[in-house]
Structures are given as C-alpha cells and as structure tokens.
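A structural walkthrough
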Amino acid sequence: MFSRPGAWLLQGLAQLQQALPSQCAICARWPGKRICGDCAARWAAAQPRCRRCALPLAGGATECGACLRAPPAFDAAWAAVDYGYPWSSLLAQLKFQQDPGAAHALAQLLAQVPGVAAALAAARWIVPVPLSAQRLRERGFNQSALLARVLARQPRAGDCANLLVRTRHTAAQSGLQREPRLRNLRGAFEVPARCAALLAGQRVVLVDDIMTTGATLEAAAQALRRAGAIHICAMVVARTQHLPRQ
Ligand SMILES: [Zn+2]
Ligand SMILES: [Zn+2]
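Our subject in this report is the structure included herewith.

Rules used throughout
- Residues numbered from 1 in each chain as written.
- Chains lettered and ligands numbered in written order.
- Predicted model: local features only at pLDDT ≥ 70, side-chain atom pairs only at ≥ 80, totals over all residues.
- Helix = DSSP H or I, 4+ residues; strand = E, 2+ residues; numbered from the N terminus.
- Buried ≥ 20, exposed ≤ 12 C-beta atoms within 10 Å, placed from the backbone.
- Pairing = 2+ DSSP bridges.
- Axes fitted to C-alpha atoms, helices over the stretch in contact; angles between N-to-C directions.
- Contact = placed C-beta atoms within 7 Å.
- Expected span 1.5 Å × (residues − 1).
- Right-handed = clockwise from strand over helix to strand, strands pointing away.

1. Details of the environment of Ala121
- With respect to the secondary-structure elements, Ala121 resides in helix α6 (residues 116-122).
- Ala121 gets classed as exposed once you count the C-beta atoms within 10 Å, which come to 8.
- Each C-alpha atom of the pair Ala121 and Val205 lies 9.9 Å from the other, and the pair is 84 residues apart in sequence.

This is the structure:
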C-alpha cells in the first residue's frame, strides 16, 4: 500500500516540517516540535492498558473485564493517549484539515508506545480503517491512511491498494452505543477478492485515529480475519477512557 508518489511526497514534506522548528500544538512554545518533549511527557506518558482493547487499567490487570468475557476480533491493541484535552483539537486538525504534520507528530507518539515498534516490524501489512467512497469524496482524504503511511515507513512488497474497503456508507456513529454501532457496521468492510491471497496467513496492523467502543475496529478486523489474516493488532492514537467495549 501507499506506493503512490504523491503520498510519499506528502510524507516527505511532513518529515521536513518535523525537522524545522515550529510551534508546539499544545503549549504553543516556540521554537519547538509539533508536540514538544515536555508536553509529550506530561500528556502522553505510558500507562497500563488492556492488552486487547487499550482501555486504561488500574491494579495490575492486563485485560479488562469486557475482553475477558468476550475477546475482540483483534488480538492486541495499543493507544498513545486518552481521548480528551489536550489531544482533541490536534485530532480534529488531523481529521478535517489533512494536516500531514499533525499526522506525523501523532503517529510518532504512537510509534513510541512500548510494544508498537515490534508489532509494526512483525506485520506484513499496515492497513488504515477505510472511509466509505462517499465520505472520502466529501473529506478528500482518510486521516487513518495518513497515520498508517507514517507508521508503515516504506511501501510493502506485493502492493495492493485498498486491501480493506468500506462497502457502504454508514450513518454517523457518534451518540450510538456499542451494540447499535456493531449493527450499523455489519458487512460494512470487506477485502476485495483480488487482495485476499495477500492476507492469507499474514499478520496485520489495523490503524485508526480514535477508538471509542471499538465497534469499527471490530468490524474491520472481522473482515480481515474472514480473508485469512492470522494475527491482527489495532493501533489508535487516542482511546476514550470510560467506554469499555461492552
Ligand atoms: Zn509543548
Ligand atoms: Zn479490554
């Protein structure tokens, strides 16, 4: 994926942007990095999370109750930060303004989470959660693809553009609980037949910007699993703190 020259040019520009002094998006200090070291240490410190769904956990547990009762379709999940202040505005810039600098800075935060680099290195494919064709037309870009491009670092051999596709437009998910979300998303993702052979027996990293109830990642992971992927890791920049999967 991500072999289009334009995509790599955008990433090159984002890296250049990172290398040049800029204003910290959080504390506004100048000159700094897009997310300065002090802000990363203060607001993105590593914390214990459920190894299956990345929900923040206390008390030394490794899995949350919801994942113990009903494991998700993905095998592991990582999140860089909790959703909320001060990350929501930077995530909104990523989502609505096609800001490759924001994508680069947020993907770097995720790449530094313990375990993420090894999972990326072990994966055959780094796959963004796709938007529907209608949403892609409206917005012009997929914010998850911007993140996945940074995390993938380089194109993978055996390229198949759009390894995972969204087959239909679904109603907005916000405000819905997990069960209605899952119903809303049933059959919404699929692996095109021409790409299925590329997934059989492979490890996949699925990338999204925000995980709320996990229903989107669940539906996407189910489609990858049906196509033969044997191990699926979910990676998100931000995880909501108070919404377990069930
Ligand atoms: Zn700062
Ligand atoms: Zn969990």
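That was the structure; now back to the text.
2. A short note on the pairing of strand β5 (residues 203-211)
- Across the nine residues that make up β5, a large majority, seven, are buried.
- Bridge count for strand β2 (residues 125-128) against β5 is four bridges, and the pairing is parallel. Bridge assignment links Val127 to a residue of β5, and that residue is Leu206.
- Note: β5 against strand β6 (residues 231-239), eight bridges, orientation parallel. Within β6, the residue paired with Val204 across the bridge is Ile232.

3. Remarks on the sheet that holds β5
- Across the sheet, which stays open at both edges, the four strands sit in the order β1-β6-β5-β2 with parallel pairing between neighbours. Because the sheet does not close on itself, it has two edges, and the strands there are β1 (76-82) and β2. For this sheet, the mean inter-axis angle between neighbouring strands, taken without regard to orientation, is 20°.
- Relative to β5, helix α4 (residues 87-96) is tilted by about 115°, and along the sheet it contacts β1, β5 and β6.

4. Regarding helix α11 (residues 215-226)
- Taking 1.5 Å per residue, twelve residues should reach 16 Å; α11 reaches 17 Å between its end C-alpha atoms and fits that length.
- Of all the residues in α11, the buried ones are Ala215, Thr216, Leu217, Glu218, Ala219, Ala220, Ala221, Gln222, Ala223 and Leu224.
- Summarising the contacts, the buried residues of α11 are in contact with α9 (178-185), β4 (189-190), α10 (193-199), β5 and β6.
- In the stretch just after α11, Gly228 is the one whose phi turns positive, near 110°.

5. Some points on the pairing of β6
- The buried fraction of β6 amounts to eight of the nine residues, a majority that puts the element mostly inside the structure.
- In terms of strand pairing, β1 meets β6 through six bridges, oriented parallel. Looking at the pairing, Ala76 lines up with Cys233 of β6.
- With α11 bridging β5 and its parallel neighbour β6, the resulting β-α-β unit is right-handed.

6. With respect to unusual backbone geometry
- With an omega of 0°, the peptide bond between Tyr85 and Pro86 qualifies as cis.
- Looking at the secondary structure, you find Pro86 in the loop between β1 and α4.

Remember, this is a structural readout, not a statement about activity or role.
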